[in-house]
Amino acid sequence: MSVSPYFIDLRSAYQSEMDDLRFDSEGRDVLHQRLAGKRQEMAFLVQMMDTSPEMVAVVFHQGFDFTEKTVMDHLLTHDSHDADGFPAWSSLADGFVLAPWAQDLAHIVLQAPGGEKFLTLTAGLEYMAGMPVAASMVNAEEDSDGDDGDDEEDSDENGDGAVVMFEGDDDREQSADARARHEAGSEWLVQQGFDAKD
């Protein structure tokens, strides 16, 4: 499976948002409390779906039970500007089951402009969040671009040739855009009266 750069960038921003929410200033894991608070603000957060989708998508964390891997794998190959069309929310119906509380949130989102597209990308982000390794998600075109003699140089330090995405130094280039989006979203929240994140 090949994951589009669109979903790779969004996933990086999503993970940064989750990391920001996870611990308080004393190092305590407060993720569940913070997500519960954000879920109470869903009617307000829908205003941020276009500008900072990763900051809103986190409210659906652990709200999906994925039942059809092929449907979700296909979604991750798309870019939001694909000429042949970004998959519709309804086309994913066989790919997962929403938890009851997530269904309530989805109903709020669907009332807003762009709600269906947002839920589609949220499903993709949640699906990716459950993937511990990403060797199968490396773009096949990138693999075929290199010379055959470069295989040993491209393999990881363990020598098994597996590529792990979303971790370590390889993220720097991809996460620059994600950081910029995250900072823009944070600035927007400050303008709305929320406290600035550290």
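Model, not experiment: these values are computed from the prediction.

Rules used throughout
Residues numbered from 1 in each chain as written. Predicted model: local features only at pLDDT ≥ 70, side-chain atom pairs only at ≥ 80, totals over all residues. Heavy atoms only, no water. Helix = DSSP H or I, 4+ residues; strand = E, 2+ residues; numbered from the N terminus. Buried < 20%, exposed > 50% of the residue type's maximum accessible area, 1.4 Å probe, protein only. Contact = heavy atoms within 4.5 Å. Polar contact = N/O pair within 3.5 Å; in protein donor to acceptor, adjacent residues only side chain to side chain. Salt bridge = Lys/Arg side-chain N within 4 Å of Asp/Glu carboxyl O. Axes fitted to C-alpha atoms, helices over the stretch in contact; angles between N-to-C directions. Parallel < 35°, antiparallel > 145°, perpendicular 65-115°, else oblique. Nonpolar A, V, L, I, M, F, W, Y, C, P; charged D, E, K, R; others polar. Phe/Tyr/Trp six-rings, centres within 6.5 Å; stacked < 30°, edge-to-face > 60°.

Draft legend 1. Up close: the environment of Ser 4. Relative to the helices and strands, Ser 4 resides in the segment before helix 1 (5-22). On the accessibility criterion, Ser 4 (7% relative accessible area) is buried. For the pair Ser 4 and Leu 75, spaced 71 residues apart in sequence, the C-alpha separation works out to 9.3 Å. If near-sequence neighbours (up to four positions away) are discounted, Ser 4 is found in contact with Leu 76, Thr 77, His 78 and Asp 79. A polar contact of 2.6 Å, which involves the side chain of Ser 4, links it to the backbone oxygen of His 78.

Draft legend 2. Structural view of the pattern of salt bridges. Counted under the stated rule, the structure contains four salt bridges. One salt bridge in this structure joins Glu 17 and Lys 38, with 3.9 Å as the shortest N-O distance. Of this pair, Glu 17 sits in helix 1 while Lys 38 is found in helix 2 (residues 31-40), placing the two residues 21 residues apart along the sequence. Overall, the relative accessible area of 12% leaves Lys 38 in the buried class. A salt bridge links Asp 29 to Arg 22, with the nearest nitrogen and oxygen atoms 3.7 Å apart. When salt bridges that share partners are traced, they join Asp 24, Glu 26 and Arg 28 into one network.

Draft legend 3. Structural context of unusual backbone geometry. In this structure, Gln 62 takes a positive phi of about 65° despite not being glycine. Tracing the backbone through its elements, the reader meets Gln 62 in the loop between helix 4 (53-57) and strand 1 (64-66).

Draft legend 4. Here's a closer look at the environment of Leu 35. On the secondary structure map, Leu 35 appears in helix 2. Given the relative accessible area of 1%, Leu 35 is considered buried. Separated by 17 residues in sequence, Leu 35 and Met 18 place their C-alpha atoms 9.4 Å apart. Ignoring sequence-local partners within four residues, the contact set of Leu 35 consists of Leu 21, Val 58, Val 59 and His 61.

Draft legend 5. Region of the structure containing the packing of helix 1 against helix 7 (residues 115-129). It is at 10 Å that the axes of helix 1 and helix 7 come closest, and there the two elements cross at 70°. Comparing the axis directions of helix 1 and helix 7 gives the class roughly perpendicular. On the side of helix 1, the interface is formed by Tyr 6, Phe 7, Ile 8, Leu 10, Arg 11 and Tyr 14, while helix 7 contributes Leu 121, Gly 124, Leu 125, Glu 126, Met 128 and Ala 129. For the contact of helix 1 with helix 7, the class distribution of residues is nine nonpolar, one polar and two charged.

Draft legend 6. Broad picture of the packing of helix 1 against helix 2. Look at helix 1 against helix 2: their axes get within 8 Å of each other, and the N-to-C directions meet at 110°. Taken together, the axis directions place helix 1 and helix 2 in an arrangement best described as roughly perpendicular. Contacts between helix 1 and helix 2 involve Glu 17, Met 18, Asp 20, Leu 21 and Arg 22 on the former and, on the latter, Leu 31, Arg 34, Leu 35 and Lys 38. Counted by class, the contact of helix 1 with helix 2 contains four nonpolar, no polar and five charged residues.

Draft legend 7. Broad picture of the packing of aromatic side chains. Considering all chains together, one arrives at nine aromatic pairs under this definition. Ring plane angle 20° and centroid distance 6.2 Å describe the contact between Phe 7 and Phe 86, whose orientation is recorded as stacked. A residue pair is termed long-range when its members are at least 10 positions apart, and Phe 7 in helix 1 and Phe 86 in the loop between helix 5 (69-75) and strand 2 (96-98) qualify at 79 residues. The burial state of Phe 7 is the same as that of Phe 86; both residues are buried. Judged by centre distance (5.2 Å) and plane angle (70°), the rings of Phe 66 and Tyr 127 are edge-to-face. Note that Phe 66 is positioned in strand 1 and Tyr 127 in helix 7, a separation of 61 residues in sequence.

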